[in-house]
Amino acid sequence: MNKIIRTTTALTTLGLVAAMMAGCASAAATDKPAADATSAAPSVNEVRLGYFANVTHAPALVGLEEGLFADALGDDVKITTQVFNAGPAAIEALSAGAIDATYIGPNPSINTFIQSGGESARIVAGAAIGGAALVVRDGIDSPEDLKGTTLASPQLGNTQDVALRKWLGDEGYTTDTAGGGDVHVTPTENAQTLTLFQQGQLDGAWLPEPWVSRLSLDAGAHVLQDEADLWDDGEFPTTVLLVRKQFLDEHPDVVAELLKGHEAAVKWIADNPDEAPGVINGAIEKETGKPLDDAVIERALEHVTFSVDPVADTFETLVQNGVDAGTQKKGSIDGLFDLRLLNKQLNAEDEDTVSAAGLGKD
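Here goes a summary of the coordinates provided.

Procedures and definitions
Residues numbered from 1 in each chain as written. Predicted model: local features only at pLDDT ≥ 70, side-chain atom pairs only at ≥ 80, totals over all residues. Heavy atoms only, no water. Helix = DSSP H or I, 4+ residues; strand = E, 2+ residues; numbered from the N terminus. Buried < 20%, exposed > 50% of the residue type's maximum accessible area, 1.4 Å probe, protein only. Contact = heavy atoms within 4.5 Å. Areas by Shrake-Rupley, 256 points an atom, 1.4 Å probe, with all protein chains shown as cover. Core = buried A, V, L, I, M, F, W, Y, C linked by side-chain atoms within 4.5 Å. Pairing = 2+ DSSP bridges. Arc of directions from axis to C-beta. Axes fitted to C-alpha atoms, helices over the stretch in contact; angles between N-to-C directions. Parallel < 35°, antiparallel > 145°, perpendicular 65-115°, else oblique. Left-handed = near helix turned anticlockwise from the far one by under 90°. Nonpolar A, V, L, I, M, F, W, Y, C, P; charged D, E, K, R; others polar. Phe/Tyr/Trp six-rings, centres within 6.5 Å; stacked < 30°, edge-to-face > 60°. Salt bridge = Lys/Arg side-chain N within 4 Å of Asp/Glu carboxyl O.

**Let's talk about the overall build of the chain**
Line of reasoning, step 1. Secondary structure summary: the chain contains 14 helices and 14 strands in total.
Line of reasoning, step 2. Within the chain, buried positions represent 56% of all 362 residues.
Line of reasoning, step 3. The contacts in the chain between residues at least 6 apart in sequence include a share of 79% that link residues at least 24 apart.
Line of reasoning, step 4. Total accessible area on the chain stands at roughly 14700 Å², and carbon and sulfur atoms take up 47% of it.

**Some thoughts on the nonpolar core**
Line of reasoning, step 1. One finds Leu 146, Leu 168, Ile 280, Phe 306, Phe 315, Ile 333 and Phe 337 to be the most contacted residues of the largest nonpolar core, which totals 95 residues.
Line of reasoning, step 2. If near-sequence neighbours (up to four positions away) are discounted, Leu 146 is found in contact with Val 136, Ile 140, Leu 151, Trp 167, Leu 168, Tyr 173, Asp 182, Val 183 and Leu 224.
Line of reasoning, step 3. Core analysis: the next-biggest nonpolar cluster, separate from the first, contains 13 residues, Ala 133, Val 135, Leu 202 and Leu 207 among them.

**Some points on the pairing of strand β6 (residues 132-136)**
Line of reasoning, step 1. Among the five residues of β6, five are classified as buried, and the element is accordingly described as predominantly covered.
Line of reasoning, step 2. Covered by surrounding structure in β6 are Ala 132, Leu 134 and Val 136 together with Ala 133 and Val 135, the residues of both alternating faces.
Line of reasoning, step 3. Pairing of β6 with strand β9 (residues 204-208) involves five bridges; the strand directions are antiparallel. Considered in β9, the bridge of Ala 132 is made with Pro 208.
Line of reasoning, step 4. Of the pairings in the sheet, the one linking β6 to strand β10 (residues 222-226) comprises four bridges and is antiparallel in character. Bridging from a neighbouring strand, Leu 134 pairs with Gln 225 of β10.

**Let's talk about the side chain of Thr 327**
Line of reasoning, step 1. As for its position among the elements, Thr 327 is in the loop between α13 (315-325) and β13 (337-338).
Line of reasoning, step 2. For Thr 327, the contacting residues outside a window of four places in its chain are Asn 111, Leu 156, Gly 157, Asp 161, Val 162, Arg 165, Thr 177 and Gly 322.

**Notes on unusual backbone geometry**
Line of reasoning, step 1. Put simply, Glu 209 and Pro 210 share a cis peptide bond, and its omega is 15°.
Line of reasoning, step 2. Within the secondary structure, Pro 210 is located in the loop between β9 and α8 (211-218).
Line of reasoning, step 3. The backbone phi angle of Val 311 is positive, close to 55°, even though this residue is not glycine.
Line of reasoning, step 4. With respect to the secondary-structure elements, Val 311 resides in the loop between β12 (304-306) and α13.

**Looking at the environment of Lys 267**
Line of reasoning, step 1. Of note, Lys 267 is situated in helix α10 (residues 252-271).
Line of reasoning, step 2. In contact with Lys 267, other than residues within four places in its own chain, are Glu 349 and Glu 351.

**Here we look at helix α4 (residues 87-95)**
Line of reasoning, step 1. Listed as buried for α4 are Gly 87, Ala 90, Ile 91, Ala 93 and Leu 94. Seen from one end, α4 has its buried residues packed into an arc of 160°, which puts them on one side.
Line of reasoning, step 2. The first or second residue beyond α4 is Gly 97, which carries a positive phi of 80°.

**Quick notes on the sheet that holds β9**
Line of reasoning, step 1. With mixed pairing, the five strands of this open sheet are ordered in space as β8-β7-β9-β6-β10. With one partner strand each, in any of the chains shown, β8 (184-187) and β10 form the two edges of the open sheet. Neighbouring strand axes in the sheet, compared pairwise and without regard to direction, differ in orientation by 30° on average.
Line of reasoning, step 2. Contacts between helix α7 (residues 190-198) and the sheet are confined to β6, β7 (150-153) and β9, with β9 contributing the most and set at about 150° to the helix.

**A closer look at the packing of α10 against helix α14 (residues 340-348)**
Line of reasoning, step 1. Taken N-terminus to C-terminus, the directions of α10 and α14 make an angle of 55°; their axes are 9 Å apart at the nearest point. With respect to α14, the axis of α10 lies oblique. The interaxial crossing formed by α10 with α14 has right-handed handedness. Across the interface between the two elements, Pro 252, Val 255, Ala 256, Leu 259, Lys 260 and Glu 263 of α10 pack against Leu 341, Leu 342, Gln 345 and Leu 346 of α14.
Line of reasoning, step 2. The residue inventory of the contact of α10 with α14, partitioned by class, reads seven nonpolar, one polar and two charged.

**Some points on the packing of aromatic side chains**
Line of reasoning, step 1. All chains considered together, the criterion is met by three aromatic pairs.
Line of reasoning, step 2. Each ring, one from Trp 167 and one from Trp 206, has its centre 5.9 Å from the other, and the planes form 55°; the classification is tilted. Placement of the pair is Trp 167 in helix α6 (residues 159-170) and Trp 206 in strand β9, with a sequence separation of 39 residues. By the burial criterion, Trp 167 is buried, and Trp 206 matches it.

**Digging into the pattern of salt bridges**
Line of reasoning, step 1. Under the counting rule described, the total for this entry stands at 15 salt bridges.
Line of reasoning, step 2. Two residues, Asp 100 and Arg 48, come together in a salt bridge whose shortest N-O distance is 2.8 Å. Of this pair, Asp 100 sits in the loop between α4 and β4 (101-104) while Arg 48 sits in strand β2 (residues 46-52); the two residues are 52 residues apart in sequence, bridging distant segments of the chain.
Line of reasoning, step 3. We classify Asp 100 as buried; its relative accessible area is 2%.
Line of reasoning, step 4. Lys 267 serves as the salt-bridge partner of Glu 349, at 3.3 Å between the closest nitrogen and oxygen. One end of the pair, Glu 349, is in the loop between α14 and β14 (360-361); the other, Lys 267, is in helix α10, and 82 residues separate them in sequence.
Line of reasoning, step 5. Looking at Lys 267, the relative accessible area reads 31%, which means it is partly exposed.
Line of reasoning, step 6. Residues joined by salt bridges that share partners form a network here, namely Glu 263, Lys 267, Glu 349 and Glu 351.

That's the geometry; what it means functionally is another story.
Right, dumping it as structure tokens:
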């Protein structure tokens, strides 16, 4: 039977070293056409998937809770999972070979691709659009009120961290990765951010959902800047599905089945608007030990759109944002996307295909 095995977020040094040694021992993968590979039996019997216990990762939560990944992968492939707080930690695990795929934000995806010279990973689908904002305490009513304040982000170099630093720069403020500058940016785990904000030790934070809604409804914060207002048509990618390149090259058949489960989860959310909040909330409770208030989950879902489209045409801007924020080096992202398996699937279903915007294969 197909099994879902959940593991903790912590990676021991020994585990990382062993995973890296195993990766080094593997034969170098070739860039064979992933969309053309087929096999009567699965080429591997396990896929290790990372995700966050966030509303913006709802396709992962729903895919696991509703058994959609299990249905797609079949009895011969088990799925094991690992939960992360933010992108850089998930990238560390992916790079070490400890996981094969992860739901993650676009900026860590970009960063690993550039740092590895395009050898680390590929984006194979989109997952979520929107659902991030800067929330602040009473008394901060405009960007001019931010000088000298302390703001949190989920982790240094993650998608919201980059967005915050870029926006502050555009507003005329300086920041640095050590927490200095006109506005002090302090990367902090999301649950701790809520606690510190309630204690008055933080003035605000740039966060993904459901944390925007939690700080707004549970802690009295208000939205100073919705990230959607900074993008054309309000569309910006919050979550994508990223696969380790070697795994994609060697096991395209299993990645194709994972994508079927992913697409099924995105469709399930759209087709079950009354059930989705409860299922997503139940999954969050399993990982965090506490469900969200109904008002929080409902507000959060109002600000997120779930789609397999990775909105690839925004990624050049995201690269520049990371460079401007000082969290990423310059580099090419040509080849970051491999959407062939997804588009093959969409074509077979008479659905609209998605574009790599000239940044990979589609």
